[in-house]
Amino acid sequence: MIQDIFVKLKTLQDILSSKYEIEREIQEIPKALSTKKEMLTRLKKSYLEKNSLLEEAKDRIKHLKFLLDEVEAQREMYEKQMDVITTQREYEALDKEIKTATERGQQFRKDIIREEKERDEIVFSLEQEEKMIHEQETELEEELEKIKNESAKKEDLLKELEEKESEIVPGLDEDILFKFERIIKNKSGLGIVPVKNSVCTGCHMMLPAQFENNVRKRDEIMFCPYCSRILYYEEEMDEAVFNDEDSGSLADLVNADEINFDI
Ligand SMILES: [Zn+2]
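Reading guide: rules and limits
- Residues numbered from 1 in each chain as written.
- Predicted model: local features only at pLDDT ≥ 70, side-chain atom pairs only at ≥ 80, totals over all residues.
- Heavy atoms only, no water.
- Helix = DSSP H or I, 4+ residues; strand = E, 2+ residues; numbered from the N terminus.
- Buried < 20%, exposed > 50% of the residue type's maximum accessible area, 1.4 Å probe, protein only.
- Contact = heavy atoms within 4.5 Å.
- Areas by Shrake-Rupley, 256 points an atom, 1.4 Å probe, with all protein chains shown as cover.
- Donors = N, O, S within 2.8 Å, 3.2 Å for Na, K, Ca; no water.
- Tetrahedral: all angles 85-135°; square planar, octahedral: opposite > 155°, others 65-115°.
- Axes fitted to C-alpha atoms, helices over the stretch in contact; angles between N-to-C directions.
- Parallel < 35°, antiparallel > 145°, perpendicular 65-115°, else oblique.
- Left-handed = near helix turned anticlockwise from the far one by under 90°.
- Nonpolar A, V, L, I, M, F, W, Y, C, P; charged D, E, K, R; others polar.

Visitor: Tell me what's going on with the overall build of the protein chain, and back it up with residues and numbers.
Guide: Along its length, the protein chain carries five helices and four strands. In sequence order, the protein chain lays out its α and β elements as α-α-α-β-β-α-β-β-α. For the protein chain, the residues scored as buried account for 27% of the 263 residues in total. The contacts of the protein chain with a sequence gap of at least 6 include a subset with a gap of at least 24, amounting to 71%. Surface accessibility of the protein chain: about 18,500 Å² in total, with carbon and sulfur atoms responsible for 52%.

Quick look at the structure:
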């Protein structure tokens, strides 16, 4: 009788652990998508910010070039004036203006080179980000398509599993069922495990001798006191082999001992 329950529970265990896994996967779908969507939003925001930095850099270069043209035109004008001056004082004043204009021109050129370098760096990183945005968009589209297909499949599978579950569940004690479902949900899919060598194979804890005896008796469903899994007794492999091959001689030995003891 209890053996039948164990068989049912083991079948139910397989059904439930698949069911819970599919349910988890279905729940994870929107999370996986929202992570990707958030990343895309961040990338686009950063792209826009960099793009306005690029516009600012371009404006600064334009302005510097304008200043450079202006100062060069001034210098040329002064140089032309050199041809028509008459006094030493005029020469010195003009020479000073030319030097100043030349120095300012050199400074503008340096600034332009620096700004152009910065602009090129922004352009490069914009190209990289554009590529990444494109990749992320493609991935997101593919993911959406995949999810649409997979969700439909998963829902179908879930229905199948629920049908199988409803075939097995009738007749099982509701309390046991409730505990069993919770254990499977919490303990990575295993709700019923064998006791081997006095150890619960679910949590690997040594069970008290009296408790183990009760499991062996199969009078009632026993839950592991440490991990709450349902336990059933499984003969040790060694013992099983031993019993099959040498049960006769062992029985003889024990009997002989008992007889000797009694005498
Ligand atoms: Zn246990």
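Next comes the rest of the description.
Visitor: Break down the coordination of the zinc ion for me, citing the residues and quoting the values.
Guide: Within the protein, the atoms that donate to the zinc ion are Cys 200 (SG), Cys 203 (SG), Cys 224 (SG) and Cys 227 (SG), at distances of 2.2 to 2.3 Å. Each of the four donor atoms bound to the zinc ion contributes to angles spanning 105 to 114°, and the resulting shape is tetrahedral. The sequence pattern formed by the donor residues of the zinc ion is C-x2-C-x20-C-x2-C. One end of the pair, Cys 203, is in the loop between strand S2 (199-200) and helix H4 (209-217); the other, Cys 224, is in the loop between strand S3 (222-223) and strand S4 (230-233), and 21 residues separate them in sequence.

Visitor: Which residues make up the packing of helix H1 (residues 2-82) against helix H2 (residues 88-168), and what are the values?
Guide: It is at 4 Å that the axes of H1 and H2 come closest, and there the two elements cross at 165°. As judged from the angle between their axes, H1 and H2 are roughly antiparallel. Here the hand of the crossing between H1 and H2 comes out left-handed. Of the residues contributing to the contact of H1 with H2, the split by class is 39 nonpolar, eleven polar and 33 charged.

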